[in-house]
Amino acid sequence: MIKKVRTARLKPGMFVHDFDCGWLEIPFLRRSLEIEDELMIDKIIKHGIREVYIDTDKGLDVADAPTRDEVARVVETAVEQLMVEKSGGEQDPDALRREELTRAKGVRKEAERVIGTVMHDVRVGKRINIAQVDAVVEGMIDSVFHNQSAMMCLSRLKTRDEYTFQHSVNVCIFMIAFCRAIGFDRAGTTEVGVGALLHDVGKMKVPQDILNKPARLSEEEFALMQSHVMHSFQVLKEEGGIPLSAITVAFEHHERHDGTGYPLGLKGDKITRIGQMAAIVDVYDAITSDRCYHKGIDPAEALRKLYEWSEFHFCRELVQYFIKCVGVYPLGTMVRMESGYLAVVVRPAEGSMVKPMVRLIYDTKSGSKIAPRDLFLSGAGVSDRIIGYEAPAKWGINPLQYMDIG
């Protein structure tokens, strides 16, 4: 049986089924291992890991620990409470019209070009073209404000080789949408957007063999990787003309609410609001991305992991805002319908996060694919409903093939 336990309750002889954290945050080469001694426990705790899942069939048990299914039900119930509320973004039933996607693609392509140039310039010691950065962020804000769904939908298009550039652009898009949902003004959103786009420039000061290593980092290598935050801070501070709030986004996006983050180990309200927002967005995009050393998880699952982790690592209120901002079932999520069909969420909900437009693609009763057809769950007379999200890998289906994003 798989159970969740606090790391303070670990004992030698227990078997860790999974560390409840991001892949890079694990201090061991494997996600599953037996606890051999107290030194291993100390290492886990010092690494900032607060909870793990243990396998009681392979090691010692903790009688009163909740099972994985019990944890999942608690999280799902909490997320369902958010479903009755309206989402944070403005919802447009025609949000993914072809012309809107074409416009958003152009904005995104320019943003990737600009951040690519910035990263190269930082690597070779050249100054950042701040005017160019400001212009592209303004364009992204216009696009998100005009059609948030189109921009956020395109964030699903990722490639491993371009992760650093695409991650920077995605974090910028999500931070802009996050700021909009919370009620930031245009000027404040622009400053945060600049910081989000530039938050990882310090990685260009990290040795490339470490940055691109297709395997687990050693402790020494991980420390060098962590140094990118201070490098980002120095680069942006010395650049001149970059707002403090933008520098703060870059400096605080790896801090954690319980004080287990870096570089300063700030805790709670010692981390700025925008720093706490950036931490949520950075992790969300990272864990939903495929890397050479791990497979990204589905966005719907990622939102639920963020909620689970908000017991310690993130501000729960802000995580709830973020979930409402991107939707309980983000665009591109594969869902199971009450009717037995599998579907892909292709347009945002109109007023309610649980009634988006879905594209029916598979009949679980017959076990076969069907000719795709669209269903507005908010339409008159529609009785079908979403009962949960599905893991695409389980069905051998790529949901993005059924979206109009090309």
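(A) Quick look at the overall build of the chain. Along the backbone of the chain there are 14 helices and 9 strands. Relative to the 2.2 N^0.38 estimate, which gives 22 Å for 406 residues, the radius of gyration of the chain is 21 Å and therefore close to what a compact globule would have. Overall, the C-alpha framework of the chain stretches about 60 × 60 × 35 Å when taken along its three principal axes. Counting over 406 residues, the chain shows a buried share of 55%. Sequence-distant contacts in the chain: of pairs separated by 6 or more residues, those separated by 24 or more amount to 67%. Roughly 17700 Å² of accessible area belongs to the chain as shown, and the carbon and sulfur atoms make up 51% of that amount.

(B) Broad picture of helix H6 (residues 186-197). With 12 residues, H6 extends 16 Å from end C-alpha to end C-alpha; this agrees with the ideal 16 Å at 1.5 Å per step. Listing the buried residues of H6 in full gives Thr189, Thr190, Val192, Gly193, Val194, Gly195, Ala196 and Leu197.

(C) Fine view of the state of the cysteines. Under the criterion given, the structure shown has 0 disulfides. Of all cysteine sulfurs, the one in Cys179 lies closest to Cys172, which takes part in no disulfide; the gap is 9.4 Å. As a non-bridged cysteine, Cys325 has Cys179 as the owner of its nearest cysteine sulfur, 9.3 Å distant. In this structure Cys325 comes out as buried when scored by relative accessible area, which is 4%.

(D) Region of the structure containing unusual backbone geometry. Tyr262 connects to Pro263 through a cis peptide bond whose omega is 15°. Mapped onto the elements, Pro263 comes out in the loop between helix H10 (244-252) and helix H11 (273-287).

(E) Layout of the packing of helix H4 (residues 130-154) against helix H5 (residues 163-182). In the contact formed by H4 and H5, the axes pass within 9 Å of each other and the chain directions differ by 80°. Here H4 is positioned roughly perpendicular relative to H5, judged by the angle of their axes. Where H4 approaches H5, its residues Val137, Met140, Ile141, Val144, Phe145, Gln148, Met151 and Met152 are matched on the opposing element by Val169, Cys172, Ile173, Phe174, Ile176, Ala177 and Arg180. Classifying every residue of the contact of H4 with H5 by side-chain character gives 13 nonpolar, 1 polar and 1 charged.

(F) Highlighting empty space enclosed by the protein. For the structure shown, the criterion picks out 5 cavities of 30 Å³ or more. Considered as a void within the structure, the second largest cavity measures approximately 60 Å³ in volume. What lines the second largest cavity is Asp20, Cys21, Ile49, Arg50, Glu51, Glu308, Trp309, Phe312 and His313. Split into classes, the residues belonging to the lining of the second largest cavity amount to 4 nonpolar, 1 polar and 4 charged.

(G) Region of the structure containing the layout of surface pockets. For the largest pocket, the calculated volume is near 1200 Å³. Those elements giving two or more residues to the lining of the largest pocket turn out to be strand E2 (15-19), helix H2 (68-83), helix H12 (299-309) and strand E9 (386-389). By residue number, the principal contributor to the lining of the largest pocket is H2, which donates 8 residues.

Procedures and definitions
- Residues numbered from 1 in each chain as written.
- Predicted model: local features only at pLDDT ≥ 70, side-chain atom pairs only at ≥ 80, totals over all residues.
- Heavy atoms only, no water.
- Helix = DSSP H or I, 4+ residues; strand = E, 2+ residues; numbered from the N terminus.
- Rg over C-alpha atoms; globule rule 2.2 N^0.38 Å.
- Buried < 20%, exposed > 50% of the residue type's maximum accessible area, 1.4 Å probe, protein only.
- Contact = heavy atoms within 4.5 Å.
- Areas by Shrake-Rupley, 256 points an atom, 1.4 Å probe, with all protein chains shown as cover.
- Expected span 1.5 Å × (residues − 1).
- Disulfide = S-S within 2.5 Å.
- Axes fitted to C-alpha atoms, helices over the stretch in contact; angles between N-to-C directions.
- Parallel < 35°, antiparallel > 145°, perpendicular 65-115°, else oblique.
- Nonpolar A, V, L, I, M, F, W, Y, C, P; charged D, E, K, R; others polar.
- 1 Å grid on protein atoms, 1.4 Å probe; cavity = no way out; pocket = protein on both sides within 12 Å on 5 of 7 lines; lining within 4 Å.
- Points joined across faces, edges and corners; volume = space filled by probe spheres on them.

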